Amino acid sequence: MAAEKMALAKAINESLRRALESDPKVLIMGEDVGKLGGVFRVTDGLHKDFGEDRVIDTPLAESGIVGTAIGLALRGYRPVVEIQFDGFVFPAYDQIVTQLAKMHARSLGKVKMPVVIRIPYGGGIGAVEHHSESPEALFAHVAGLKVVSPSNAADAYWMMQQAIQSDDPVIYFEPKRRYWDKAEVDKEAIPGPLHTARVVREGTDLTLAAYGPMVKLCREVADAAAEEGRSLEVVDLRSISPVDFDTIQASVEKTRRLIVVHEAPVFLGSGAEIAARITERCFYHLEAPVLRVGGYHAPYPPARLEEEYLPDLDRVLDAVDRSLAY
């Protein structure tokens, strides 16, 4: 089958469709995922084709949605839950971290929890309050949860397939500002294991590591730096927990410099753990401190100010200048 160009949102839709077709135990549930097709139309058409018993419109109760998914998983189902917006996940946080994440360990491995929680996240769409959060580090800190985020349509398709097939709970963060970015998707060629990072641009002078919405920005930074004769390598982390430190390490041992970029606040963000681990692993290779570029340690601002809050080309290039100045 030839590769097909499609938007990231469409790739997730196609992946969910394939999962529903191939396994009768797969269910989709969430607020407005059925007849409406989701606020971003990611589940569009699935309710019509698979019926209300498999694509389920739920009440506006995130704790109840996740709690129900846990019960379904205990009965052998593979529920895929949508949290409509990132800032809405917190009523379900208790269910996720005290129940979902711990069932496997509590039962000494006897109880599987094949639950996928889809969360559109991040800014850049001009949304109102509670609709542009980046809470991924909160979930990455919790043992028992896998946390991933695709940056392109091909990964969106295959990482969803792999998440649904996992017997462990997966928090699947969808970069909403990239929903409409298109890329080639080959539905027959798995791009790699779920929790591996990938070098998406080769370089020699410095490594940029990012995931989700910031991978595209880092590619643009590398393009801009190339005009000044600088060769930047870009690593798409893909998985936030676990992190593929081996791929990052191999890149840093070559370039000797690392900048980690994410939308979430820099303070105690995922970049902090990566910076600490790579400093431990690559201490004698590094020629500059590991730098981080991200959001500020402040509540996400109103839409009119979000471009001042989010990392942009100039902020990352400034970090590149600082790193290369050592």
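Here the structure is a predicted model, which is why all the values come from computation and not from measurement.

Calculation notes
Residues numbered from 1 in each chain as written. Predicted model: local features only at pLDDT ≥ 70, side-chain atom pairs only at ≥ 80, totals over all residues. Heavy atoms only, no water. Phe/Tyr/Trp six-rings, centres within 6.5 Å; stacked < 30°, edge-to-face > 60°. Lys NZ or Arg CZ within 6 Å of the ring centre and 35° of its normal. Domains from an automatic or database assignment. Contact = heavy atoms within 4.5 Å. Buried area = accessible area lost by both parts, 1.4 Å probe. Salt bridge = Lys/Arg side-chain N within 4 Å of Asp/Glu carboxyl O. Polar contact = N/O pair within 3.5 Å; in protein donor to acceptor, adjacent residues only side chain to side chain. Helix = DSSP H or I, 4+ residues; strand = E, 2+ residues; numbered from the N terminus. Buried < 20%, exposed > 50% of the residue type's maximum accessible area, 1.4 Å probe, protein only. Expected span 1.5 Å × (residues − 1). Arc of directions from axis to C-beta. Pairing = 2+ DSSP bridges. Axes fitted to C-alpha atoms, helices over the stretch in contact; angles between N-to-C directions.

**Student:** Is there a simple way to explain the packing of aromatic side chains in this structure?
**Tutor:** Going through the model one piece at a time under the given rule, you end up with twelve aromatic pairs. A ring pair is formed by F85 and F88, whose centres lie 5.7 Å apart and whose planes are at 65°; its orientation type is edge-to-face. Put simply, the rings of F40, F85, F88, Y179 and W180 pair up and form one aromatic cluster. Directly above the aromatic system of Y77 lies the positively charged group of K25, at a separation of 4.4 Å from the ring centroid.

**Student:** Which parts of the structure should I look at to understand the domain arrangement of the protein?
**Tutor:** Many analyses report the size of an interface as the accessible area lost when the parts associate. Domain parsing of the protein yields domain 1 (4-185) and domain 2 (198-325). For domain 1 versus domain 2, the distance between C-alpha centres works out to 26 Å. With 27 residues of domain 1 in contact, the opposing surface of domain 2 contributes 23 residues. Together, the buried faces of domain 1 and domain 2 total about 1,900 Å²; carbon and sulfur atoms form 47% of this surface. Run the count over domain 1 and domain 2 and you get four salt bridges. As a salt-bridge pair, R177 and E263 come within 2.8 Å of each other at their nearest N and O atoms. Taken together, the links from domain 1 to domain 2 amount to 14 residue pairs in polar contact (both at pLDDT 80 or more). Elements with a minimum of two residues in the side of domain 1 that touches domain 2: α6 (136-140), β6 (146-148) and α7 (153-165).

**Student:** Explain helix α9 (residues 245-255) here, please?
**Tutor:** Within an α-helix, residues lying three or four positions from one another point in the same direction, as the helix has 3.6 residues per turn. What α9 keeps buried is the set F245, T247, I248, Q249, S251, V252 and T255. Each element contacted by the buried residues of α9 is listed here: β9 (198-201), β10 (206-210), β11 (232-236), β13 (258-265) and α10 (270-281). One or two positions beyond α9, positive phi appears at R256, with a value near 70°.

**Student:** Explain α10 here, please?
**Tutor:** With twelve residues, α10 should cover 16 Å at 1.5 Å per step; its first-to-last C-alpha distance of 17 Å lies within 8% of that length. Along α10, the residues classified as buried are S270, G271, I274, A275 and I278. Buried residues along α10 cover an arc of 130° about the axis, so they all sit on one side. Looking at the buried residues of α10, the elements they touch are α6, β12 (239-241), α9, β13 and β14 (291-295).

**Student:** I would appreciate a short explanation of the environment of A275 in the present structure.
**Tutor:** Within the secondary structure, A275 is located in helix α10. Distance in space between the C-alpha atoms of A275 and D155 is 25 Å, their sequence separation being 120 residues. The residues touching A275, leaving out its near neighbours within four places in the chain, are V290 and R292.

**Student:** Mind showing me how you'd approach the sheet that holds strand β5 (residues 116-121) here?
**Tutor:** In a beta sheet, neighbouring strands pair by backbone hydrogen bonds and run either parallel or antiparallel. Read across the open sheet, the seven strands follow the order β3-β2-β4-β5-β7-β6-β12; overall the sheet is mixed. At either end of the open sheet lies a strand with only one pairing partner, and these are β3 (55-57) and β12. Going from strand to strand, the sheet's axes swing by 20° on average, the running direction of each strand aside. Of the strand pairs in this sheet, β6 and strand β7 (residues 170-175) are connected by three bridges, and their pairing is parallel. Following the sheet pairing, V147 is matched in β7 by I171. Relative to strand β2 (residues 26-30), helix α1 (residues 8-22) is tilted by about 135°, and along the sheet it contacts β2, β3, β4 (78-82), β5 and β7.

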